[in-house]
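# Close look at the chain arrangement
Listed below, chain by chain, are the residues.
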Amino acid sequence: MTCFNCGMHTNSPAEYHPYAACLMFEAARDGDTVEANLRAVVEYGMRAQALGLSLDEAMSDIRLVIHAPARSE
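Since this is a predicted model, take the numbers as computed values, not measurements.

Time to look at the pattern of salt bridges. Scanning all chains against the criterion turns up two salt bridges. Ionic pairing is found between E35 and R39, a salt bridge with its closest N-O pair at 3.0 Å. With E35 and R39 both in helix α2 (residues 31-50), this residue pair falls four residues apart, about one helical turn. Classification of R39 by relative accessible area gives exposed; the value is 51%. With a closest N to O distance of 2.9 Å, R63 and D61 form a salt bridge.

Inspection of every chain in the model, using the stated rule, returns zero disulfides. With no disulfide of its own, C6 lies 3.8 Å from the sulfur of C22, the closest cysteine sulfur. C22 carries a free sulfur, and the closest cysteine sulfur to it, the one in C3, is 3.6 Å from it. C22 gets classed as buried once you look at its relative accessible area, which sits at 4%.

What follows covers the side chain of T10. Checked against the element boundaries, T10 lands in the segment before α1 (19-28). Excluding residues within four positions of it along the chain, T10 makes contact with M1, T2, C3, E15 and H17.

The next thing to look at is the environment of L53. Mapping L53 onto the fold places it in the loop between α2 and α3 (55-60). In contact with L53, other than residues within four places in its own chain, are A48, L64 and V65.

Criteria and cut-off values
Residues numbered from 1 in each chain as written. Predicted model: local features only at pLDDT ≥ 70, side-chain atom pairs only at ≥ 80, totals over all residues. Heavy atoms only, no water. Salt bridge = Lys/Arg side-chain N within 4 Å of Asp/Glu carboxyl O. Helix = DSSP H or I, 4+ residues; strand = E, 2+ residues; numbered from the N terminus. Buried < 20%, exposed > 50% of the residue type's maximum accessible area, 1.4 Å probe, protein only. Disulfide = S-S within 2.5 Å. Contact = heavy atoms within 4.5 Å.

Now the structure itself:
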């Protein structure tokens, strides 16, 4: 299967493929690069959430997420 908009290969119609992925694919022409970038964005959001940061806080200052000490469980 491929995305109707950009032509990137997808594994299923339900695969996460937002419009931002189309833009990345059109620039990179490499689905692996797009997937790696989407994973990085999701992981950033998950880390921000685990730190108790709001979306606005996480988006306005990357240092709050990237340089925060790791939590011990």
